[in-house]
Structure formats: structure tokens, C-alpha cells
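Observations on the three-dimensional arrangement
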Amino acid sequence: MAASKKIFGIVLAGGEGKRLMPLTADRAKPGVPFGGGYRLIDFALSNLINSGLTKIVVLTQYKSHSLDRHISQTWRLSGLLDSYVASVPAQQRLGKRWFSGSADAILQSLNLIRDEMPDIVVVVGADHVYRMDFAQMIQAHIASGLPATVAAIRQPIELSDQFGIIQTDPSNPAKITEFLEKPKTATGLADAPHEVLASMGNYVFNTDALIDAVIRDGEMTDSNHDMGGDIIPDFVSRGQAGVYDLSHNEVPGATDRDRYYWRDVGTIESFYDAHQDLISALPIFNLYNSEWPIYTQQLNSPPAKFVRDAKGNSGTTVESIVSLGCLISGARIERSVLGPWVTIGSSALVQDSVLFDRVHIEPDAVIRRAILDKNVVVAAGAMIGIDHARDRERGFTVTDTGITVVGKGVRVEP
Ligand code: ADQ
């Protein structure tokens, strides 16, 4: 049914990601590296492409250079098939102002929708780790007869203030009766009082209804021009929004553990935890599902290499992801994720950590429960994540849960 419809994809990628500082000091949140060689946006884009969408725009604005470069280098689809993933920065089409919210980003980009004249527009966020077949959601959307559908997943009730929380009609659970954006308190589900139904920030709209809604919203002075805060509640108030529960989504090759995996990686803690979900032998999120691949840039890099150091130590690496171009010499690496071109010297110890591209760790350094941004250099014998007071003194971010984050390009002395 969906195959006969023209579908257009919009990825909202203009968010600042303040809670991921310092990783977002220099780049938009959807451009933050993840899981070795990926960027966060690769998950949303892979899901859309695997779902059969061929025309996708990515709306960017905040510090978008690194994200734009990633999209143009990685996501070139075939011009012959009239397919594209295009990164579109804010262009001040409606006056001298940037996007004032995610709905305003769409309002300012209506020319892109009108150019394609689709029947249906899929609007998704850009900073979640998950697998989802949008073709199944689109089918459910069409079957419902409603003009707007919100993708949803059950979440613990204590996280209600981070999500749009959905109540449905008991006699018609596919219809939303109430949508509260990030409420302080919420009512649990009838069959699971400690859970709520949370919006995933992914929506399917009939094109005309979306255009009408963002134009109407643009005329309102008391709106934040936000998809979750304003547009969806507006559809709900008119009895025109449906819900699509991720538990109905069957993605090929999913394991029992990761079938309905979805993580909002909006904070350092959740970003760190999502990495831990990748690395065990039976990962909570499986990157090795070739039936629903997560695509990213193909690096022109040699394979990772492990060598003995000058003293003959071979080192060990367990429960870790090591990317292309890495060179590990007699070091011990445990439960960690290494991005491309990381080098680690003799007798260094890296535990429970996430190292972005081109981190350089010299001999005898110790890194524990830390995230090191691109090009960080850790000098011989230096320690990170051992003494949190010292980490803070040196200007590093340390979370309440004891994760130390070192910003891009910093040199860490002993
Ligand atoms: P948040 O993620 O907090 O909640 P928001 O900050 O608006 O909402 O970000 C949503 C998406 O829009 C992100 O991908 C972000 O990059 C992008 N975005 C934000 N401002 C933008 C702008 N001005 N221009 C372009 N893109 C922009 C949302 C929903 C909740 C839902 C959660 C799920 O509002 O209802 O529960 O996502 O994580």
C-alpha cells in the first residue's frame, strides 16, 4: 500500500545538544561520533534508507560544518535513480532569523516539500540509536486514516520529564487522547503502572496536514514552534493524531535482545551507556546485523593492528570495539570503544572508556571510565578517571556518575 505513495523524509538535525557538552562544543549533536566510526545521525539515516525512502533532507543549523561534511561525503545516493540525502542549512528564507524551533525549521523548508509534492512526509530526530522499519509505520499511518502518527516506545515512568508522554483512547489504543511534552509527573500505563508511552520524536504526516499545521503554528506568537511541544499537541487537540508502538515493528535480523532497542543519547550518561550496550559478546544493541545495516563513511584506512611492545608485552583486548587504522602496542584494553586511527602505547591501560578518532595514548597512561574527544593526547604516565577532583581541576567535565570527558584536541599531562 505504502509503495504507491510518494514519501519524503525530513531529518531534524539542528539541535544544540547542550547536555552533551563538551562533545557538542564544536559540532552539532547529530554529528557526534558514536560506536567507533559512526556519527549519531547514521542511525536515523540508515533506518530511513533501509525502509525504502529515497528522498531525504537533513535540516541543520547549529555548528553544522562537521555534520554537513559527513553527510556530503558519506550519504551520496545515486543521481541516476533521482535519490538523495541532502544537508540543508538554515537559509533565512522567511526573514533574518534562524530556525526558532523544529517546527519553524520545517516551515522555513516548505519549498523542499513542495518541490517533491509527496503524499506523506516522515519527520525524524537525528540523535537516537535504534533500528526501525518506517515502511511498517507508514502502513499503519495510512490504515489509521489519521493525518498524523507519532512513533512511541514504553519507558520507565521516572523518565517522563524527558519525553513527550502519550495517553491513548482505551477503546481505540491507536488514537492519542493526550500528549504532554516533558511533564513533571505522569500517569503510568494501565497494564504497567511504572511505565509510560513516550514519543520517539519520529512522526508520519499526510503532507497537506503537516503544511497546514506548521503554517498555523508560525502565525502563533505564543508558540515555541516545536514539533513535540506545539505541533503534535495541536493535532491531538483536534483528535487527529495516532500512535505507532515500536513493539509492532519487526526489523529483519534483530536479536531477542535488541529487537525493540531505542536510546535517546542526549546526555553524557546515556551516550556512555549506549556504548556499553554495544560491546559484550551478546550485545544489547547488535551492530553486526547485516540484514538491516547501519551505514557510515567508508574510511580509506588500514586494518587495526596489535603488536608487542619493545619489552615483548603483547597486551590484551577484551570486550571492546577497535576501529580501522588503530595501532595498539602491548596495552591492555577492556570494555572500551576505540574510533579510527587511535594509537595506544606500551603498558597503557584503557578501561570502560570511549575514545574518538585519532586519540593518542602514550606508554603507561591509565584511562578509566572516560570519554576522550578527537585528537586528545594523553602523555606518558598520565591518568584520567582515577582522581575526579584532579580531573575537574584540569578543566575536564566529570558527571555525577563519575564519567570524565576530555574535550577535542586537549593534551593531558601526567
Ligand atoms: P527533544 O529531543 O528534547 O524531544 P528537540 O530538542 O526539539 O526535542 O530535538 C528534536 C530533534 O529536532 C533533534 O534531532 C534536534 O537535533 C532537532 N532540532 C531541535 N531544534 C531544531 C531546530 N531549531 N532546527 C532543526 N532541528 C532541530 C523530542 C520530542 C519529544 C520526544 C523526544 C524523544 O519533542 O516529544 O519524546 O524528542 O527523544
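Please refer to the structure higher up on the page.
So, here's what we can say about the structure. (Residues numbered from 1 in each chain as written. Predicted model: local features only at pLDDT ≥ 70, side-chain atom pairs only at ≥ 80, totals over all residues. Heavy atoms only, no water.)

Now for the site of the ligand. Taken together, 25 residues surround the ligand, and among them Leu-12, His-128, Glu-181, Lys-182 and Ser-199 come closest. Note that an oxygen atom of the ligand is positioned 2.9 Å from one of the backbone N or O atoms of Gly-15. Contact distances for the ligand include 3.5 Å between an oxygen atom and a side-chain N or O atom of Asp-264. Within the complex, 87% of the 710 Å² of free accessible area of the ligand lies under protein. In a pocket analysis with a 2 Å cut-off to the grid points, the ligand is assigned to the largest pocket. Secondary structure elements with two or more residues in the shell around the ligand: strand 10 (172–181), strand 11 (195–206) and strand 13 (262–264). (Near = heavy atom within 4 Å. Polar contact = N/O pair within 3.5 Å; in protein donor to acceptor, adjacent residues only side chain to side chain. Areas by Shrake-Rupley, 256 points an atom, 1.4 Å probe, with all protein chains shown as cover. 1 Å grid on protein atoms, 1.4 Å probe; cavity = no way out; pocket = protein on both sides within 12 Å on 5 of 7 lines; lining within 4 Å. Sits in = over half its atoms within 2 Å of the grid points. Helix = DSSP H or I, 4+ residues; strand = E, 2+ residues; numbered from the N terminus.)

With that out of the way, let us pick up the packing of aromatic side chains. The final tally for this structure, using the stated rule, is 10 aromatic pairs. Here the aromatic residues Phe-34, Tyr-38, Phe-43, Tyr-261, Phe-271, Phe-285 and Phe-356 are joined through ring pairs into a cluster of three or more. (Phe/Tyr/Trp six-rings, centres within 6.5 Å; stacked < 30°, edge-to-face > 60°.)

Another aspect to go through is the nonpolar core. Ile-10 and Ile-106 are the most contacted members of the largest nonpolar core, which totals 37 residues. Apart from the residues within four sequence positions on either side, Ile-10 is in contact with Val-57, Leu-59, Ile-106, Ile-113, Val-121, Val-122, Val-123 and Val-124. Judged by nonpolar contacts, the second largest core, of 36 residues, contains Ala-28, Met-137, Val-204 and Leu-246. (Core = buried A, V, L, I, M, F, W, Y, C linked by side-chain atoms within 4.5 Å. Buried < 20%, exposed > 50% of the residue type's maximum accessible area, 1.4 Å probe, protein only. Contact = heavy atoms within 4.5 Å.)

Here we take up the sheet that holds strand 17 (residues 327–329). Reading across the sheet, the six strands line up as 14-17-20-23-26-30 and stay open at both edges, with parallel pairing between neighbours. Both outer strands of the open sheet, strand 14 (305–307) and strand 30 (411–412), are each paired with one neighbouring strand and no more. Pairing of strand 26 (residues 377–378) with strand 30, which is carried by two bridges, proceeds in the parallel orientation. Within strand 30, the position partnered with Val-377 by the bridge is Arg-411. (Pairing = 2+ DSSP bridges.)

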